[in-house]
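# What the coordinates show
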Amino acid sequence: MKKLPIIIDCDPGCDDTIALLLAFANTSLDIKGVTVSAGNVHINNTTENARKLVGAFRPEIKVAKGCEKPMFKTIVTAPEVHGETGLGSVVIPESGKKLEELNAVEFLAKTLKESDEKITIVITGPMTNIAVFLIAYPELKEKIEKFVIMGGSAIGGNVTPAAEFNIYVDAEAADIVFKSGVDIVLCPLDVTMKAFVTEKELAEIREIGGFASEVAHGAIKNALDFYKEFYRVSEVPMHDPCTIAYLLEPEMFKGVDVFLGTELRGEFTYGETIIDYRNKLGKEKNALVLNEINREAFIELIKKSVETLKDL
């Protein structure tokens, strides 16, 4: 079976961690590299988390540090959700894994240029690295198969009333990516809020045993503790893993082809994604936006992936 070549651009992060574990566990994916952006926490922390996660589970995968702030504004982070380090209380032992000497943008360019096949880029954080790459290396855009992105919302935001976090952190970058002409699959809050993990399911993940189980349990629990305190609920959405789940089991999802845009100037709506479900604008459709998920299958995929990593 031919493997799907991908690059994961992320900002680990509790839910990014689960996305990475899903990718690490599934051999149908050929992970060409992990590039890191600032977002959930500072770039030094997100890079360290990515380096240690790769070192612990798939040390052959290359890791490149990316942009430390958005293109035109001050960085916004979310340590209240992910902890100061980005992984809450999760501790990953030092493996000696080295970062690439190239930065994330240069690494993307080199990897795409040298590839004999198109590569899918999975984006689970702010899109700064990808936007800078598109500006710096427009001739390499044709080497990208598609973008699979966690970001945006048509159901209201999670950082402002209008804006979802990944878009809000660097809406100008998102605008560049959405206008790139590359095929897009978007996993907005419309679908990721339905991809939640319950306390019972979290306990079942812990019972699998092994280091991957420990990491997955700790990452999800950290986010769940935040949701319990601030939203008074006993379940937590796992946003970023929806991207990898879509690549592995696309039949798990339903979606709609739409025009996708970004609001950059509104006083209250900066960072809002325009997901034109009803074709009110009459613009060319540029994205498949996912809005339904088989949650039970999603949970089973997480469990199966953690079980697989137990045996590696």
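Our subject is the structure that appears above.
Everything numeric here is computed off the predicted structure, so don't read it as measured data.

### Remarks on the overall build of the protein chain
Helix and strand counts for the protein chain come out as 12 helices and 12 strands. Relative to its length of 312 residues, the protein chain is compact, with a C-alpha radius of gyration of 18 Å against a globular reference of 20 Å. Seen through its principal axes, the protein chain has C-alpha atoms that stretch 50 × 45 × 40 Å. Sequence-distant contacts in the protein chain: of pairs separated by 6 or more residues, those separated by 24 or more amount to 81%.

### Looking at the pattern of salt bridges
Per the counting criterion, the structure on display carries 15 salt bridges. With a shortest N-O distance of 2.9 Å, Glu 201 and Arg 295 are connected by a salt bridge. Note that Glu 201 is positioned in helix H9 (residues 199-207) and Arg 295 in helix H12 (residues 295-310), a separation of 94 residues in sequence. For the residue pair Glu 201 and Arg 295, the accessibility class agrees, reading buried in each case. One salt-bridge network, held together by shared partners, links Lys 200, Glu 204, Glu 300 and Lys 303.

### Thoughts on the nonpolar core
Of all hydrophobic cores here, the largest spans 68 residues; its most connected members are Ile 8, Phe 24, Ile 31, Val 34, Ile 244, Phe 253 and Phe 298. Excluding anything up to four places from it in sequence, Phe 24 contacts Ile 31, Leu 53, Val 54, Phe 57, Arg 58, Ile 61 and Leu 309. Residues Val 105, Ile 121, Ile 167 and Ala 174 belong to the second largest nonpolar core, which totals 33 residues.

### Thoughts on unusual backbone geometry
The linkage connecting Pro 12 with the following residue, Gly 13, adopts the cis geometry, with an omega of -10°. Assignment of secondary structure puts Gly 13 in the loop between strand S1 (4-10) and helix H1 (14-25). One non-glycine residue, Arg 232, adopts positive backbone phi at about 55°. Position of Arg 232 among the secondary structure elements: in the loop between helix H10 (211-231) and strand S8 (235-237). Residue class for Arg 232 comes out exposed when judged on its relative accessible area of 72%. One non-glycine residue, Asn 279, lies in the positive phi region at around 55°. Locating Asn 279 in the fold gives a position in the loop between strand S11 (273-275) and strand S12 (287-293). We classify Asn 279 as partly exposed; its relative accessible area is 39%.

### Digging into the sheet that holds S12
Read from one edge to the other, the open sheet built from eight strands follows the order S3-S2-S1-S4-S5-S6-S12-S9, with strand pairing classed as mixed. At either end of the open sheet lies a strand with only one pairing partner, and these are strand S3 (63-65) and strand S9 (253-258). Geometrically, the sheet is characterised by an average inter-axis angle of 25° between neighbouring strands, direction not taken into account. Both S9 and S12 contribute to a ladder of six bridges, which runs antiparallel. What sits directly across from Phe 253, in S12, is Ile 293. Across the face of the sheet, helix H5 (residues 128-136) comes into contact with S1, strand S2 (29-36), strand S4 (119-123) and strand S5 (144-150) while running at roughly 150° to S5.

### Overview of helix H11 (residues 241-248)
Within H11, eight of the eight residues are buried, which leaves the element mostly enclosed by the surrounding structure. If you check which residues of H11 are buried, you get Pro 241, Cys 242, Thr 243, Ile 244, Ala 245, Tyr 246, Leu 247 and Leu 248.

### Notes on helix H2 (residues 43-57)
Under the 1.5 Å per step criterion, the end-to-end length of H2 is 21 Å for 15 residues, consistent within 8% with the ideal 21 Å. For H2, the full list of buried residues reads Ile 43, Thr 46, Thr 47, Asn 49, Ala 50, Arg 51, Leu 53, Val 54, Gly 55 and Phe 57. Buried residues along H2 sit in contact with H1, S2, S3, H10 and H12.

### Side note on the packing of H9 against H10
Interaxial distance between H9 and H10 falls to 9 Å at its minimum, and their mutual angle equals 160°. The angle between the axes of H9 and H10 places the two elements in the roughly antiparallel class. Here H9 and H10 pass one another in a crossing that is left-handed. Note on element contacts: H10 touches H9 through Ser 213, Ala 216, His 217, Ile 220, Lys 221, Leu 224 and Lys 228, opposite Glu 199, Leu 202, Ile 205 and Arg 206. In terms of residue class, the contact of H9 with H10 is built from five nonpolar, two polar and four charged.

Quick notes on the rules
Along each chain, the written sequence defines residue order, and numbers are assigned to residues from 1. Predicted model: local features are reported for residues with pLDDT of at least 70 only, side-chain atom pairs are reported and counted for 80 or more only, and whole-chain, interface and lining totals are derived from all residues. Derived side-chain values reflect all non-hydrogen atoms in the structure, with water molecules and hydrogen atoms excluded from consideration. Helical segments are the DSSP runs of H or I of at least four residues, strand segments are the runs of E of at least two, and each set is numbered from the N terminus. C-alpha atoms define the radius of gyration, and 2.2 Å times the number of residues to the power 0.38 defines the globule rule. Between two residues, a contact is recorded if the distance between any of their heavy atoms is within 4.5 Å. For salt bridges, the criterion is a side-chain nitrogen of Lys or Arg within 4 Å of an Asp or Glu carboxyl oxygen. Burial status follows relative accessibility: with a 1.4 Å probe on protein chains alone, a residue under 20% of its type maximum counts as buried, one over 50% as exposed, and anything between as partly exposed. Grouping buried Ala, Val, Leu, Ile, Met, Phe, Trp, Tyr and Cys residues that are joined through side-chain atoms within 4.5 Å yields what is termed a nonpolar core. Strands qualify as paired when DSSP identifies two bridges or more between them. As a rule, the C-alpha atoms of each element are fitted with a line to give its axis, helices using only the stretch in contact, and angles between N-to-C directions run from 0 to 180 degrees. Take the number of residues in a helix, subtract one, and multiply by 1.5 Å to get its expected span. In these notes the angle categories are as follows: under 35 degrees is roughly parallel, over 145 is roughly antiparallel, 65 to 115 is roughly perpendicular, and the rest is oblique. Crossing handedness is read from the near helix: turned anticlockwise from the far helix by less than a right angle, it gives a left-handed crossing, and turned clockwise, a right-handed one. Gly is put with the polar residues, along with every residue not named as nonpolar or charged; the nonpolar set is Ala, Val, Leu, Ile, Met, Phe, Trp, Tyr, Cys and Pro, and the charged set is Asp, Glu, Lys and Arg.

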